[in-house]
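# Structure at a glance
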Amino acid sequence: MTWARAPACMDQETACKTRVRVTVANTGKTTVKITELGIRYPRRNRIKFATLEQLGMVLEPSAEASAYFDIHQIKGLPRYDIIFAKDGRGKKYYPDLSLAEGIGRFLWWQFGSCPITEKK
């Protein structure tokens, strides 16, 4: 799973600053059903997980699909490597990170805090 700033908004040539593109790819040898895309918050928040979008998408081997989210849907989170894709068996997949980045994400989940801001 990967995330990136969404490509150009409307007729602009620069990346859209208010949207994030999440791409889910099936790198295995069997078909996978992706049921939802969501976010994992730090332990200090009262909400541990939040669903961004319910899906019923079936990915064949080596297939991929993308979804676009407005930054306001992510409620002001300061990072995007905490977005996950959940398959039909309930397993969550997060973006691949280097060892140092993975440790940073883990520490943020365990000890960080994130004020949740609502869409204005």
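Given the structure is predicted, the values throughout are model-derived calculations rather than measurements. Note that residues are indexed from 1 along each chain, following the sequence as it is written. The model is predicted, so local features are restricted to residues of pLDDT at least 70 and side-chain atom pairs to those at 80 or more, both for listing and for counting; the totals for chains, interfaces and linings are taken over all residues. As a convention, hydrogens and water are excluded, and side-chain values are obtained from all of the structure's heavy atoms.

### Section: the overall build of the chain
We count it as follows: Strands here mean DSSP runs of E at least two residues long; helices mean DSSP runs of H or I at least four residues long; both are numbered from the N terminus. Type-normalised accessible area, obtained with a 1.4 Å probe on protein chains alone, sets the label of each residue: buried when under 20%, exposed when over 50%, and partly exposed for intermediate values. Here the open area of atoms and residues is found with the Shrake-Rupley method and a 1.4 Å probe, where only the protein chains shown may cover a residue.
Scanning the chain from terminus to terminus reveals one helix and seven strands. Along the chain, from the amino end to the carboxyl end, the secondary structure elements read β-β-β-β-β-β-β-α. Relative to its 120 residues, the chain shows a buried fraction of 37%. Working note: accessible area of the chain is about 7,700 Å², and carbon and sulfur atoms make up 53% of it.

### Quick look at a nonpolar patch on the surface
Where we set the bar: In this scheme, patches are assembled from residues that exceed 30% relative accessible area and form no salt bridge. Like charges are connected within 9 Å, while nonpolar side chains (Val, Leu, Ile, Met, Phe, Trp, Tyr) are connected within 5 Å. We count a salt bridge whenever a side-chain nitrogen from Lys or Arg sits within 4 Å of a carboxyl oxygen from Asp or Glu.
On the surface, Leu99, Ile103, Phe106, Leu107 and Phe111 cluster together into a nonpolar patch covering about 550 Å² of accessible area. Positionally, Leu107 belongs in helix H1 (residues 99–111). The class for Leu107 is partly exposed, based on a relative accessible area of 40%.

### Some points on the nonpolar core
Condition: Side-chain atoms within 4.5 Å are what join buried Ala, Val, Leu, Ile, Met, Phe, Trp, Tyr and Cys residues into a set we call a nonpolar core.
Counting 24 residues, the largest nonpolar core has Leu37, Ile39, Ile74 and Ile83 as the members making the most contacts within it. Where this core is concerned, the elements lending two or more residues are strand E2 (19–25), strand E3 (32–40), strand E4 (49–59), strand E5 (64–70), strand E6 (83–87) and H1. Ranked by residues supplied to this core, first place goes to E4 with four residues.

### Quick word on the side chain of Asn26
Quick note on the threshold: Any N or O atom pair separated by 3.5 Å or less is treated as a polar contact, with the protein-specific requirement of one donor-capable and one acceptor-capable atom, and with residues adjacent in sequence counted only for side-chain atom pairs.
In this structure, Asn26 sits in the loop between E2 and E3. For Asn26, a relative accessible area of 7% gives the class buried. Within the structure, the side chain of Asn26 is placed 2.9 Å from the backbone nitrogen of Gly28, a separation counted as a polar contact.

### Some words on the layout of surface pockets
Rolled over the atoms, a probe as big as a water molecule pinpoints where empty space is left. The condition is simple: Whether a set of points on the 1 Å grid over the protein atoms alone is a cavity depends on a 1.4 Å probe fitting there but being unable to get out, while an open set qualifies as a pocket with protein on both sides within 12 Å along at least five of seven lines; lining residues are those with an atom within 4 Å of a point. Grid points are joined across faces, edges and corners, and a volume is the space filled by probe spheres set on the points. For this classification, the nonpolar set comprises Ala, Val, Leu, Ile, Met, Phe, Trp, Tyr, Cys and Pro, the charged set comprises Asp, Glu, Lys and Arg, and every other residue, Gly included, is treated as polar.
Considered as a void within the structure, the largest pocket measures approximately 340 Å³ in volume. Ala25, Asn26, Thr27, Val32 and Tyr93 are, among the 19 residues lining the largest pocket, the residues nearest its centre. Counting residues per element, the ones that place at least two in the lining of the largest pocket are E2, E3 and E6. In terms of residue count, E3 provides more of the lining of the largest pocket than any other element does, three residues in total. Residue composition of the lining of the largest pocket, grouped by class: nine nonpolar, six polar and four charged.

### Description of the sheet that holds E6
To be explicit about the condition: Paired strands, in this sense, are two strands between which DSSP finds at least two bridges.
The four strands are arranged E4-E3-E6-E7 in an open sheet whose pairing can be described as antiparallel. Of all the strands in the sheet, just E4 and strand E7 (92–93) have a single pairing partner and so form its edges. The pairing of E6 with E7 spans two bridges and is classified as antiparallel. Counted as the bridge partner of Ala85 is Tyr93 from E7.

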